[in-house]
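Breakdown of the fold
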Amino acid sequence: MIGPDDIEYHVPEGITYTYAETNYFIAMIPEERILATFYTVTRKAVGVCLVDVAIYGCLSDNRGEMLYYDSQQQLPAPERLSRFETPSGMKVHAHDPRNYTLDYVGFDDTEAHLEIKGLTEPFDIHDPRHSPHAKADAHARAEGSGLGTAYSNHFDLACHVTGTLRIRGKDYKVDCVSTMDHSWGDRCEVGLRSMAWTNANFGKDYGLHWINSLDFTKPAGEQETLAHGYVFENGELFGLRDLKLKTNRLGSIAVAIDVEATDVRGKQHILYGSPLVGAPWSCYTSIMLYVAMSRWITSEGRIGYGLNMENHPLDMMARLRGRRWNQPPGTIYT
């Protein structure tokens, strides 16, 4: 269960340089086809922090076609996690686990001023009240988390995000429903799991979020397995019991996703998604993620928006796809 103390650092004894604490905030402006993400990774044992701000305005397979990108590593770790300011211009104030204020003043006349207000209690993936797939044993928790020990502790929060976003001198109003998350645990940059983190929000009254494992050694249609997820309806959380996905990809871009989700009430949710804007993202140099804002349509015709992110660790991809110049694609190097 997530409590008031969870907006501060979690620093168990014996942590090493691989232990990390993260926050991820998302602002969407669907009518303008703009997606902005704000990500921090703090490694308290070595006193450093990564601050990453990415703004997307088209659908591309090229990171150089983002609207704006400010990623700075090895910044000094803040003293407190609940209220801090970084040298790169980001300020975050966690009022409590459900409510946050984020301000960012970057370069090229670009800035953001956002209020993030939770629509439910935070969804703790390891709380059996929330997720029917929660495990009690620490090893089983990590193995079933979707991202290994990096998600040893993790919560997701459906939230209403309001404020302003300025991109190179042009101002936009933000008023969307999105998802934020917070994680803490051992997060070595090599050996991370291949997984996806996806949400579909149809208003302040209804949406879904799920984490699924990915296994690219399996054939299409069998690669995705539910780790944890939920439906939120009118302020209440209902854990996902089952999830069936059919994902069509063009390279690393998930261009069409068919979803059949069943929650703990036995209620089924059918929806279809496709990306509007997105690009590859490498918050660590050892991984390549594809991040996109997708438009979702329910089987009843309700339209929503959310973020779809798939993690493709480069050490794993090299193991599966690495080849020499004289070998055709698909050849496993030996």
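Higher on the page you've got the structure.
Rules of the game
Residues numbered from 1 in each chain as written. Predicted model: local features only at pLDDT ≥ 70, side-chain atom pairs only at ≥ 80, totals over all residues. Heavy atoms only, no water. Helix = DSSP H or I, 4+ residues; strand = E, 2+ residues; numbered from the N terminus. Buried < 20%, exposed > 50% of the residue type's maximum accessible area, 1.4 Å probe, protein only. Contact = heavy atoms within 4.5 Å. Phe/Tyr/Trp six-rings, centres within 6.5 Å; stacked < 30°, edge-to-face > 60°. Salt bridge = Lys/Arg side-chain N within 4 Å of Asp/Glu carboxyl O. Pairing = 2+ DSSP bridges. Axes fitted to C-alpha atoms, helices over the stretch in contact; angles between N-to-C directions. Polar contact = N/O pair within 3.5 Å; in protein donor to acceptor, adjacent residues only side chain to side chain.

Structural notes on the environment of Thr225
- Locating Thr225 in the fold gives a position in strand β14 (residues 224-233).
- For Thr225, a relative accessible area of 45% corresponds to the partly exposed category.
- Distance in space between the C-alpha atoms of Thr225 and Arg302 is 26 Å, their sequence separation being 77 residues.
- With residues near it in sequence (within four places) discarded, Thr225 still touches Ile211, Asn212 and Ser213.

A short note on the environment of Gly239
- Along the chain, the position of Gly239 falls in strand β15 (residues 236-250).
- Residue contacts for Gly239: discarding those within four places in its chain leaves His130, Pro132, Gly229, Tyr230, Asp263 and Val264.

Observations regarding the packing of aromatic side chains
- The final tally for this structure, using the stated rule, is eleven aromatic pairs.
- Pairing Tyr68 with Tyr104 gives two aromatic rings, centres 6.3 Å apart and planes at 70°, and the pair type is edge-to-face. With Tyr68 in strand β4 (residues 68-76) and Tyr104 in strand β7 (residues 99-105), the pair connects residues that are 36 residues apart, well separated along the chain.
- We classify Tyr104 as buried; its relative accessible area is 1%.
- Consider the rings of Phe202 and Tyr206, whose centres lie 5.5 Å apart with planes at 25°: the pair is stacked.

A word on the pattern of salt bridges
- All told, the structure shown has 15 salt bridges when counted by the stated rule.
- In this structure, the salt-bridge partner of Glu233 is Lys267, at a minimum N-O distance of 3.1 Å. Pair noted here: Glu233 is in strand β14 and Lys267 is in the loop between β16 (253-263) and β17 (268-281), with a separation of 34 residues, a long-range link.
- Notably, a salt bridge pairs Arg265 with Asp263, separated by 2.7 Å at the nearest N-O pair.
- Residue Arg265 is classed as partly exposed on the basis of its relative accessible area of 39%.
- Assessed through its relative accessible area of 0%, Asp263 is described here as buried.
- One connected set of salt bridges, linked through shared partners, spans Glu233, Asp263, Arg265 and Lys267.

So, the pairing of β14
- The buried fraction of β14 amounts to nine of the ten residues, a majority that puts the element mostly inside the structure.
- Across nine bridges, the pairing between strand β13 (residues 206-214) and β14 is antiparallel. Following the sheet pairing, Asn212 is matched in β14 by Leu226.
- For β14 and β15, the ladder comprises four bridges, and the chain directions are antiparallel. Bridge pairing in β15 places Tyr230 opposite Gly239.
- Linking β14 back to β15 in an antiparallel pair, the connection comprises two residues, with Asn234 at a positive phi of about 50°.

Topic: the sheet that holds strand β12 (residues 195-203)
- Strand order in the closed barrel made by the eight strands is β12-β13-β14-β15-β16-β17-β18-β19, with antiparallel pairing throughout. This sheet shows a mean twist of 25° between the axes of neighbouring strands, independent of strand direction.
- Bridging between β15 and β16 involves ten bridges; their strand directions are antiparallel. Looking at β16, one finds that Leu240 is bridged to Asp263.

Description of the environment of Tyr9
- As for its placement among the helices and strands, Tyr9 is situated in the segment before β1 (19-29).
- With a relative accessible area of 15%, Tyr9 lands in the buried category.
- Tyr9 sits 35 residues away from Lys44 along the chain, and the two C-alpha atoms are 8.4 Å apart.
- Tyr9 has contacts with Glu21, Thr42, Lys44, Ala77, Pro78, Glu79, Arg80 and Leu81, leaving out every residue within four places of it along the chain.
- In this structure the side chain of Tyr9 is engaged in a polar contact, spanning 2.8 Å, whose partner is the backbone oxygen of Pro78.

By themselves, these figures tell us nothing about what the structure is for.
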